[in-house]
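# Structure at a glance
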Amino acid sequence: MKFTWECMMHLTSSAPPLTHGSFFRLGLNQSHLKPLRCSRTDNNNSRVKQVALTESNKKTPIFKYPFGSNSGQELSAELHNQTIQGFCKIGDVDKAMKLVAQLEALGFHPNSISYCFLIESLGSVGRTLEADALFQEMMCRRFKPRIRLFNALLKGFLRKGLLGLAVKVLVVMDQMGVCKNQETHEILLDYYVNAGRLEDTWMVVNEMKKNGIPLNSFVYSKVICLYRDNGMWRKAIGLVEEIREKGISLDRQIYNSIIDTFGKYGELGEALEVFEKMKQESVRPDITTWNSLIRWHCKAGDLTMALELFTEMQEQGLYPDPKIFMSLISRLGELGKWNVIKKNFENMKCRGRQEVGTIYAILVDIYGQYGRFQDAENCISALKSEGFVPSASMFCVLANAYAQQGFCEQTVKVLQLMEAEGIEPNIIMLNVLINAFGIAGRHEEALSIYQHIRENDISPDVVTYSTLMKAFIRAKKFDKVPEIYEEMESYGCTPDRKARQMLQTALMVLEQRHCKY
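For clarity, every value in this text was computed on a predicted model and none was experimentally measured. (Residues numbered from 1 in each chain as written. Predicted model: local features only at pLDDT ≥ 70, side-chain atom pairs only at ≥ 80, totals over all residues. Heavy atoms only, no water.)

### Observations concerning the overall build of the chain
The helix and strand tally for the chain stands at 26 helices and three strands. In the chain, which comprises 517 residues, the proportion classed as buried is 51%. In the chain, of all internal contacts separated by at least 6 residues, the share reaching a separation of at least 24 is 62%. Looking at the chain as shown, the accessible area adds up to about 24,600 Å², and 49% of this sits on carbon and sulfur atoms. (Helix = DSSP H or I, 4+ residues; strand = E, 2+ residues; numbered from the N terminus. Buried < 20%, exposed > 50% of the residue type's maximum accessible area, 1.4 Å probe, protein only. Contact = heavy atoms within 4.5 Å. Areas by Shrake-Rupley, 256 points an atom, 1.4 Å probe, with all protein chains shown as cover.)

Below you can see the structure in the form of structure tokens.
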């Protein structure tokens, strides 16, 4: 397998080039997309003329758009900056970046406020290359970023698993005398818990205590998750008493963490009891609550209760999460209960959820191997025809659906289409790709994805390592599993229960083989 992903990242004191490129090419006997480059250069030096409003902007004017006529009047730098900020506010970062190029063609630069808006907007949609370039440009122009901007950069980098760049952001903050605030600590805590980095998590918690930053419900919910993922679920539940003693009310985040903890360890009765208590306390369950309950009941094989919860969730008016579809469809499909799947699909259409029905139908098609959506491009086209704007999470769900069936080429194609939409593949997507190759029995290609992650300064998490271990166990390459486990520990990721179990399985097989010989 030929695997190349060229990606330029800069977070240094030197001024970066104005054009940064990122493209993703995979050689799997498939026709490749042309490299998609992110560019901030503009060779057109003509003056910017006013253009007419689009129909959508006329109908929903969220900000005052200065391009109101065809009088040919030239725009000032101030109007450019106001419009850039306006486009960022409504989430149209592409138009904002186009205006930046036009502004620079006039010999001007964005002001400090526009830089902040642009960097935050680019970071929120995963376009970290461009966010990094603008940050460097901002630093070169002697603007002093505020804590909000640093937090936006941290969030963007960590969402993609770029821990090395995030650490450099923290170093720059320290050099500039910008202190971490509550949000900074919570961003770091969220990443470290999800990545399984136990020591780093406690470091952040202790730093918060030392600096007098209160441990709120978000922090406690993350500590509960930390205990849960490291097999200390009773200690996680015991933490609830400490929370009550401190006078912190149990909000939705804490309830969700407790429900998920019980569910993960098979204590479904307790999970439902906490769910009922949550409702009695007038804490409204959100999609995360329902997702946990349905997912763990599916894993336990209690599909009757899972379907009851799925129906109740829709009766509450909540938009079903595609992840829930995947849990239900995969389990029902394994049992051949396609009539039940069809019935749920019809019920959703009766409730007027046409868009949700489209996603459901596509996922059913992928799992059922009916053939209509076996090509990822057809799948994305169908979603767009229903008015969907593909997001990073949607691409992850679709890639995972293909991966679960071992459709490696289609999983790869989803990643290519994702980048074609201007969304940079993150650690979650790369983990999905490792899983796809593992399910297909192509462990060497799974390993090449991991090597690519390390070579490109993307930080692997506990899911990366456990998925890679699973790929080698499927290929019966048990001798490699302890090596991967050791590398996980040396990298700072704390092995979760699943990783420990796989290690024990591999060691047991190796011991039996040794005894035979």
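### Section: helix α22 (residues 427–439)
The first and last C-alpha atoms of α22 sit 18 Å apart over 13 residues, in line with the 18 Å expected at 1.5 Å per residue. Counting buried residues in α22 gives 11 out of 13 residues, a clear majority hidden from the surface. For α22, the complete set of buried residues consists of I427, M429, L430, N431, V432, L433, I434, N435, A436, F437 and G438. Capping the start of α22, N426 holds a side-chain oxygen 3.2 Å from the backbone nitrogen of I428, two or three residues further along. In the segment just after α22, G441 is the residue with positive phi, at about 80 degrees. (Expected span 1.5 Å × (residues − 1). Polar contact = N/O pair within 3.5 Å; in protein donor to acceptor, adjacent residues only side chain to side chain.)

### Comments concerning the packing of helix α2 (residues 77–89) against helix α4 (residues 112–124)
Between α2 and α4, the shortest axis-to-axis distance is 9 Å and the interhelical angle comes to 25 degrees. As judged from the angle between their axes, α2 and α4 are roughly parallel. The two elements α2 and α4 cross, and the hand of that crossing is left-handed. Two secondary-structure elements touch here, α2 through N81, I84, Q85, C88 and K89 and α4 through I113, S114, F117, L118 and S121. Looking at side-chain class alone, the contact of α2 with α4 contains five nonpolar, four polar and one charged residues. (Axes fitted to C-alpha atoms, helices over the stretch in contact; angles between N-to-C directions. Parallel < 35°, antiparallel > 145°, perpendicular 65-115°, else oblique. Left-handed = near helix turned anticlockwise from the far one by under 90°. Nonpolar A, V, L, I, M, F, W, Y, C, P; charged D, E, K, R; others polar.)

### Observations regarding helix α9 (residues 198–210)
Along its 13 residues, α9 runs 18 Å from first to last C-alpha, staying within 8% of the 18 Å computed at 1.5 Å per residue. Restricting attention to buried positions, one finds in α9 the residues D200, T201, V204, V205 and M208. Angular distribution of buried residues about the axis of α9 spans 140 degrees; they occupy a single face of the element. Every exposed residue of α9 that faces more than 90 degrees away from the buried side is listed here: E199, K209 and K210. Residue G212 follows α9 closely and has a positive phi angle near 75 degrees. (Arc of directions from axis to C-beta.)

### A look at the pattern of salt bridges
For the coordinates displayed, the defined rule picks out 21 salt bridges. Connected through salt bridges with shared partners, the residues R228, D229, D260, K264 and R295 form a single ionic network. (Salt bridge = Lys/Arg side-chain N within 4 Å of Asp/Glu carboxyl O.)

### A closer look at the packing of aromatic side chains
The final tally for this structure, using the stated rule, is seven aromatic pairs. Relative to F150, the ring of F135 lies with its centre 5.9 Å away and its plane at 70 degrees, an arrangement referred to as edge-to-face. Of the two residues, F135 is situated in helix α5 (residues 128–140) and F150 in helix α6 (residues 147–159); the sequence distance between them amounts to 15 residues. Classification of F150 as buried rests on a relative accessible area of 0%. Positioned above the aromatic ring of W296, the side-chain terminus of R295 is 4.5 Å from the ring centre. (Phe/Tyr/Trp six-rings, centres within 6.5 Å; stacked < 30°, edge-to-face > 60°. Lys NZ or Arg CZ within 6 Å of the ring centre and 35° of its normal.)

### Observations regarding the side chain of S466
Here S466 lies in helix α24 (residues 462–474). At a separation of 3.2 Å, a polar atom in the side chain of S466 contacts the main-chain carbonyl oxygen of V463.

### Here's the deal with the packing of helix α14 (residues 287–299) against helix α15 (residues 303–315)
One way to put it is that α14 packs onto α15 with a least axis distance of 8 Å and a crossing angle of 160 degrees. Taken together, the axis directions place α14 and α15 in an arrangement best described as roughly antiparallel. The element α14 and its partner α15 pack so that their crossing is left-handed. Packed against α14, whose contacting residues are I287, W290, L293, I294, H297 and C298, the element α15 presents L303, M305, A306, L309, F310, E312 and M313 at the interface. For the contact of α14 with α15, the residue count by class is 11 nonpolar, one polar and one charged.

Nothing here speaks to function; it is geometry throughout.
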